[in-house]
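Secondary and tertiary structure notes
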Amino acid sequence: MRAKRLGIGMIGSGFMAKFHLQSFVGVRDADVLGVWSPNRKHAGETAALARSLGVGEAKAYGSIGAMVAAPEIDALWICGPNFSRVENIEEIVDAVTRGRGTLRGIACEKPLARNVREAQRIMESVRRAGLATGYLENQIFAPAISMGREILWARGASLTGQPYLARAAEEHSGPHMPWFWQGQLQGGGVLNDMMCHSVMVVRHLLTKPGAPASSLRPVRVTAQIASLKWSRPEYAKKLARAMGKEVDYRKHPAEDFASASVEFEGDDGAVVIGEASTSWSYVGPGLRLSAELLGPEYSMSWNSLDSGLKLFFSRAVKGKSGEDLVEKQNAETGQMPMVAGEAAAYGYEAENRHFVRAFLGGERPALTFDDGLEVVKLLMTAYQSAEQGRTLEFPPKSLDAFVPAVARGAWRPKVSKSK
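Residues numbered from 1 in each chain as written. Predicted model: local features only at pLDDT ≥ 70, side-chain atom pairs only at ≥ 80, totals over all residues. Heavy atoms only, no water.

1. Things to note about the overall build of the chain
- Tallying secondary structure elements over the chain gives 14 helices and 15 strands in all.
- Here the chain has a C-alpha radius of gyration of 21 Å; the compact-globule value for 419 residues is 22 Å, and the two agree.
- A buried classification covers 55% of the 419 residues belonging to the chain.
- Within the chain, contacts between residues at least 6 apart in sequence are counted, and of these 77% link residues at least 24 apart.
- Surface accessibility of the chain: about 18500 Å² in total, with carbon and sulfur atoms responsible for 51%.
- One finds the centroid of the 51 positive side-chain charges in the chain at a distance of 5 Å from the centroid of its 45 negative side-chain charges. (Helix = DSSP H or I, 4+ residues; strand = E, 2+ residues; numbered from the N terminus. Rg over C-alpha atoms; globule rule 2.2 N^0.38 Å. Buried < 20%, exposed > 50% of the residue type's maximum accessible area, 1.4 Å probe, protein only. Contact = heavy atoms within 4.5 Å. Areas by Shrake-Rupley, 256 points an atom, 1.4 Å probe, with all protein chains shown as cover. Lys, Arg positive; Asp, Glu negative; His and termini not counted. Charge placed at Lys NZ, Arg CZ, Asp CG, Glu CD.)

2. What to know about the sheet that holds strand E7 (residues 165-171)
- Pairing is mixed in the open sheet, where 7 strands are placed in the order E12-E11-E7-E10-E9-E8-E15. Only two strands of the sheet have a single neighbouring strand rather than two, namely strand E12 (298-303) and strand E15 (392-393).
- Sheet topology places E7 next to strand E11 (residues 288-295); 7 bridges connect them, and they run antiparallel. Bridge pairing in E11 places leucine 165 opposite leucine 294.
- Against the sheet, helix H6 (residues 143-160) contacts E11 and E12, and its axis sits at roughly 170° relative to E12. (Pairing = 2+ DSSP bridges. Axes fitted to C-alpha atoms, helices over the stretch in contact; angles between N-to-C directions.)

3. Digging into the pattern of salt bridges
- As enumerated under the stated definition, the model contains 18 salt bridges in all.
- Here glutamate 263 makes a salt bridge to arginine 220, at a shortest N to O gap of 2.6 Å. Of the two residues, glutamate 263 sits in strand E9 (residues 257-266) while arginine 220 sits in strand E8 (residues 216-226), which places them 43 residues apart along the sequence.
- With its nearest N and O atoms 3.2 Å apart, the salt bridge here joins arginine 220 to glutamate 393. With arginine 220 in strand E8 and glutamate 393 in strand E15, this residue pair connects regions lying 173 residues apart in the sequence.
- With relative accessibility at 26%, the residue arginine 220 sits in the partly exposed group.
- Using a relative accessible area of 49% as the deciding quantity, one classes glutamate 393 as partly exposed.
- Three or more residues joined by partner-sharing salt bridges are found here, namely Arg127, Arg364 and Asp370. (Salt bridge = Lys/Arg side-chain N within 4 Å of Asp/Glu carboxyl O.)

Read these as spatial facts, not as claims about activity.
Below, the structure is given as C-alpha cells:
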C-alpha cells in the first residue's frame, strides 16, 4: 500500500536545490522536511525558503547522518556539488547500513559522478545498502518533450516508420558558482556539466514509448570540445573578477562548447542518430533549451525561448540585474521572452512528482542510477573522442580508468587573441 506522503531531505542548498523547492509547490504528496549543507547558514536559509513556499516544515540538520536518522525523512534528494557526490552518498550508505535510519529511496541530480570510476563506486555503495535510486533528469519530463514524443510516436511513427534523427541542446552564458568552472572540481567543463541532459533527451526521443532503454543501444560516438569565449584574454580576466582567482582560464581552462553525435542501433538493427550540443558561450536572453525529432513524414521542434509571453523595457527602465524573466538572464532592457513557471516548463515539477510517487509506491522509477552510470559512460566516451579527434566504438576500452584532460588540468585549447 502506498504511504500517504513522502518526507524529503535535501542535500545541498544552492541553485539546484532551490529550483527543486519551487517545483515541489506542484507536488501534492511530498513534504520537504530537512536540508543539509556544509554551510549551516545556507542550509538554514534554504530550509526557510521551503517553509515560505509552503512545501514543508523544513529544518536544517547538522549532518547527513542525522537527517537519515530522523524518522520523518523517507527519501533524500542529492543536489550538492559534483566533487562531493561520492562522499555524500557514502555517508548516506554508512548511516543506513549502521541501522541509524531507513529510506524509501535516494534521488541524485546530474551527473551521477565526475567519471566512470566514481559512478561505479557509487553504484557499489547503494547496492550494498539495498537502496532504491532515482536519477534526476528533468528535461525528459519537460511537458513539451513528453507530449511531443507521445504524439509523434502514436501518430507519425505508427503509420510511416520510426524516427531516425534527434537533436537537443542546452545553452547559456555560464554557471553561477566558481566550482562549476574548475575542471578538477566539476569533472570537466560544459560537456560534463550539461551534455548529460542532451544525450538523455535524444535517446529518450528516439526510444519508442513503453520500450526499455536497452532497446536502443549506443554503438559509436563522435565529439568535439572547444573554449570559444572564456579563454580569450579579455573574457578570462572578466571571469576571474567575477568568480575569484581560483578560476583562471588563461592557465586552467575548461571547454565552454561541446558537441557530440551518438549512433544508436535498435533491436531490429536499424541505425538512428542523436546529436547533442551544449554551450556556456551562448549570448541571448538567457537559458535556451531546444530539441528536435525527425522521421519519414513528421517532425517536432521545441525552443524554450519561444515563449508566448514577451516583455519590453526601454532604456529609461533601469534597475538591478536578476533572473526574474528567465534562468541565466543576460539583459534588463529591450524585448525579452519570459518563461512563466520555469520549474514546470523545464520538467522539474513532473520529474519530482514521478519520483515521489515511485518511492511512495515501492515502484522502480523511470530512471535509476543505472541510467546515470550509462550517461557518465557516454560523456567520458565523448571526451575521449574529442581528445583523440576520431569516432569511437562504444564503450571504448579502459573507460573505467579514464579521466578527461580538462578534469586533470592538462587541456590546452587554441585561443583567439583578437576581440
